[in-house]
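Understanding the architecture of this molecule
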Amino acid sequence: MIKYNSISKLHDAINSNKVNARNLFNDSVEMAKKYQDEYNSFVTILGDNYCDSDKDTLLNGIPYALKDNVSTKGILTTASSNILADYVPIYNATVYEKLLKSGAQLVGKTVMDELAMGGTGTTGHTGIVRNPLDKSRMIGGSSSGSAAAVALGIVPFAIGSDTGDSIRKPAAYSGVVGYKPTYGRVSRYGIIPFASSLDHVGVLARNVEDVAIVMDIIKGHDDKDLTSLKDENINYVDVVNDAIAGRKLFYIKEMLEIKTDNENINKVIEMFKENILKFKKMGFEVVPESIDKDLLLSVGPCYTVISSAEATSNHANLTGILFGLKSNKDNIQDMMMETRTKGFSFLIKRRFVLGSYVLQRDNQEKLFRNACRIRRLLVDKLSDLFKVYDGLILPTSFNIAPKFSDKIDTANDEYLMLENHLDLANFGGFPSISIPMGYIDKMPIGLSITGRVREDYLLLNMASKIEKELGLGDMDV
Amino acid sequence: MDIKDLKKYANKLMFDMTDDEYLLLKDEFDVILSQMDKISKIKDIKDIEPMSYPFENDYELRSDVEEDVIDIKDALANARLVVDNQVSVPKVVSE
């Protein structure tokens, strides 16, 4: 019953006694174990975690998974890093607390790129995560295991976090829906951070309506998170199917006009253009808009600078003294040195060194503050466009999921232009979603839709209507 | 950027890397610094106010009232060594 069923269907089945919630949970656990060796979705599978519950919510009895950077009291929380390999939190993240209260049933904690830094699913301390559609391909990251668990049908939804594209890209690469809400819409209390001005908590699910169901449970103001938004008096599920005629969308024409020999990129652009015609038939107005090419090329480097600077500061507390990997050296200096040298992989260390370098007094103006200036230029430009338009649409990625053996040059102009645009939603805190829009060589391609800050309900509404038109929600892997 | 400088920055951050990793990092630094150099030439960039948070919001500090209190036993549960309800570390000041 669990496999490939939506939250709504599972909820109805539980409520009409066609399915027993405990059996549903056990099915989910069995599937998690069955696929673990092959795909490595989980750091921890919680086979004994079922709790009887009779909560009057749409999530009561529904199995789900949490990314392993969500603090869970008494349950191992590693952020897929050796430095936290034995860390057991003493408190719950707010998002987990809300899900506990809803009666949803936690099946396991999912593998991620180490400390959420990375987009490949290859850097977690318990091994690589494989793409359920093709095991020779990456699933992307950093919410890699959450995407795999949903794509495999182990759980109907999973919680992820997104600092640049960490929910949306793995969702696109695995044919599921990935949603990053407005900055502050979901509390980040208890989430092991990456970069505080860019971090968001969000949802991976099999269709947009399920995302709305989960968001109605996990959103809301939290006194424990200073950046948390005030409550809004709206249920996303109630408006997710509202009419969208007359809504205006734009896309960035510089990206669609790129000249390349890469066959897949050209196929994605063609697919996107064909879909625009469908959106117009649905009643959307779709218009190309221009953004300065130099600004577009600077998105990736500026993201790297800002996120690395914030990360190096956030993780200064990982010393092994109060928690984390222990050292038996005989002085504090050597203890910290050993803990951090053994605890962090090269991926993390290089970001920390860069982050520290750009914050040095002599470099701060030219590197860190210039990156923050570009951030403002880009966000102001998008905010101006959102005064006219309801959403920005683009392919989530301009290619299918890479193979593990692929060598990817992330510094050339083509990559910089096409594969970093999801960061824009993190720069400005705009809500942003990826839904499936087609297939190339049997691998899924995502459509990214980004909307105005605070108008998550409208973004989910537009995404749900498009999803129904394209008929690609609830796909079986 | 030379490897000696990179090692200095890494050690300040309380970790070390292998020689090969420093070489790789040097290459990455060269790329990102060249990209940022181009960005610094964007017209009138100096006149723009740097952005540190996504958007303005009415952030409010919560009332300064005691709420959840962590039990001492819990607070020390993950520490390396605990003596008399305190985290124990090797002596910092020599005799």
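Up top is the structure.
Keep in mind the model is a prediction, meaning the values are calculated, not measured. (Residues numbered from 1 in each chain as written. Chains lettered and ligands numbered in written order. Predicted model: local features only at pLDDT ≥ 70, side-chain atom pairs only at ≥ 80, totals over all residues. Heavy atoms only, no water.)

1. Examining the overall build of chain A
This is how the line gets drawn: Each helix is a run of DSSP H or I of at least 4 residues and each strand a run of E of at least 2, with the numbering of both proceeding from the N terminus. To get the radius of gyration, use the C-alpha atoms; to get the globule rule, take the number of residues to the power 0.38 and multiply by 2.2 Å. Contacts are assigned to residue pairs that have any heavy atoms within 4.5 Å of one another. Using a 1.4 Å probe, the Shrake-Rupley method yields the accessible areas, and only the shown protein chains count as cover for residues. His is not counted, nor are the chain ends; Lys and Arg add positive charge and Asp and Glu add negative charge. Positions of charges follow a simple convention, taking NZ of Lys, CZ of Arg, CG of Asp or CD of Glu.
Looking only at helices and strands, one finds 16 helices and 13 strands in chain A. Its C-alpha radius of gyration of 21 Å places chain A within 12% of the 23 Å reference for a compact globule of 477 residues. Partitioning the intrachain contacts of chain A with sequence separation of at least 6 by distance along the chain shows that 76% fall at a separation of at least 24. On chain A, roughly 16,500 Å² of surface is accessible, and the fraction owed to carbon and sulfur atoms is 45%. Separation between the mean location of the 56 positive side-chain charges and that of the 60 negative ones in chain A comes to 1 Å.

2. So, empty space enclosed by the protein
To locate leftover empty space, one rolls a probe as large as a water molecule over the atoms. All names here are of chain A. Condition: Definitions used throughout: a 1 Å grid over protein atoms alone; a cavity as a set of points that fits a 1.4 Å probe which cannot get out; a pocket as an open set with protein on both sides within 12 Å along at least five of seven lines; a lining residue as one with an atom within 4 Å of a point. Grid points are joined across faces, edges and corners, and a volume is the space filled by probe spheres set on the points. The classification used treats Ala, Val, Leu, Ile, Met, Phe, Trp, Tyr, Cys and Pro as nonpolar, Asp, Glu, Lys and Arg as charged, and all other residues, Gly among them, as polar.
Under the criterion given, the structure shown has 2 cavities of 30 Å³ or more. What lines the largest cavity is simply Arg 168, Leu 392, Leu 394, His 421, Leu 422, Leu 424, Ala 425, Ser 432, Ser 448 and Thr 450. Secondary-structure elements contributing two or more residues to the lining of the largest cavity are β11 (391–395), α15 (423–428) and β13 (443–451). Counted by class, the lining of the largest cavity contains 5 nonpolar, 4 polar and 1 charged residues. The calculated volume of the second largest cavity comes to roughly 30 Å³. Contributing to the lining of the second largest cavity are Asn 69, Ala 116, Ser 161, Asp 162, Thr 163, Ile 191, Ile 192, Pro 193, Phe 194 and Asp 199. Partitioning the lining of the second largest cavity into residue classes produces 5 nonpolar, 3 polar and 2 charged.

3. Some thoughts on the sheet that holds β13(A)
Residues and elements named next belong to chain A. Just so we agree on the cut-off: Any two strands with at least two DSSP bridges between them are considered paired. Geometry is summarised by axes, namely lines fitted to C-alpha atoms with helices restricted to the contacting stretch, and by angles between N-to-C directions that run from 0 to 180 degrees.
Overall, mixed pairing links the 11 strands, which are arranged β1-β3-β2-β6-β8-β7-β12-β13-β11-β9-β10 in an open sheet. In the strand order of this sheet, the two ends are held by β1 (42–45) and β10 (285–289), each with one partner. Put simply, the sheet's adjacent strands are angled 30 degrees from each other on average, direction ignored. Summarising the sheet, strand β9 (residues 248–252) and β10 pair through 5 bridges and their orientation is parallel. Bridging across to β10, Phe 250 finds its partner in Val 287.

4. Focus: the packing of aromatic side chains
Selection criterion: Each pair of aromatic rings taken from Phe, Tyr and Trp, with Trp reduced to its six-membered ring, is defined by centres within 6.5 Å and is described as stacked if the planes are under 30 degrees apart, edge-to-face if over 60, and tilted in the remaining cases. Three exposure classes are used, based on accessible area relative to the maximum for each residue type with a 1.4 Å probe and protein chains only: buried under 20%, partly exposed in between, and exposed over 50%. For a Lys NZ or an Arg CZ to count as sitting over a ring, it must be within 6 Å of the ring centre and within 35 degrees of the ring normal.
Applying the stated rule across the entire model yields 15 aromatic pairs over all chains. Their ring planes at 50 degrees and their centres at 5.7 Å tell us that Phe25(A) and Tyr50(A) sit as a pair that is tilted. In this pair, Phe25(A) is assigned in helix α2 (residues 21–39) and Tyr50(A) in the loop between β1 and β2 (63–67), connecting sequence segments 25 residues apart. As far as burial versus exposure is concerned, Phe25(A) and Tyr50(A) are alike and both buried. Ring centres of Phe386(A) and Phe430(A) lie 5.2 Å apart, and the angle between their planes is 55 degrees; on these two criteria the pair is classed as tilted. One end of the pair, Phe386(A), is in the loop between α13 (361–385) and β11; the other, Phe430(A), is in the loop between α15 and β12 (432–440), and 44 residues separate them in sequence. For the residue pair Phe386(A) and Phe430(A), the accessibility class agrees, reading buried in each case. Through pairs of rings, three or more aromatic residues link up here, namely Phe250(A), Phe386(A), Tyr389(A) and Phe430(A). The ring of Tyr236(A) is capped by Lys219(A), whose NZ or CZ atom sits 4.5 Å from the centre of that ring. Cation over ring: Lys8(B) sits above Tyr9(B), and NZ or CZ is 5.4 Å from the ring centre.

5. Looking at α2(A)
Residue and element names in this part refer to chain A. Put simply, the test is: Helix span is expected to be 1.5 Å times the residue number reduced by one. Any N or O atom pair separated by 3.5 Å or less is treated as a polar contact, with the protein-specific requirement of one donor-capable and one acceptor-capable atom, and with residues adjacent in sequence counted only for side-chain atom pairs.
Over its 19 residues, α2 runs 26 Å from end to end, which matches the ideal 27 Å to within 8%, given 1.5 Å per residue. Turning to α2, the residues buried within the fold contact α1 (7–15), β1, β2, β3 (105–110), β4 (130–131) and β5 (134–138). A distance of 2.8 Å separates the backbone nitrogen of Arg 22 from a side-chain oxygen at the start of α2, and that oxygen is part of Asn 20. Phi for Asn 40, located one or two positions after α2, is positive at around 60 degrees.

6. Looking at the packing of helix α6 (residues 208–218) of chain A against helix α16 (residues 456–470) of chain A
Residues and elements named next belong to chain A. Operational definition: An angle below 35 degrees is read as roughly parallel, one above 145 as roughly antiparallel, one from 65 to 115 as roughly perpendicular, and any other as oblique.
Between α6 and α16, the least distance of the axes is 9 Å, while the angle of their chain directions is 155 degrees. As summarised for this structure, α6 and α16 are arranged roughly antiparallel, according to the angle between their axes. Contacts between α6 and α16 involve Val 208, Glu 209, Val 211 and Ala 212 from the first element and Leu 460, Ala 463, Ser 464, Glu 467 and Lys 468 from the second. A class-by-class count of the residues in the contact of α6 with α16 yields 5 nonpolar, 1 polar and 3 charged.

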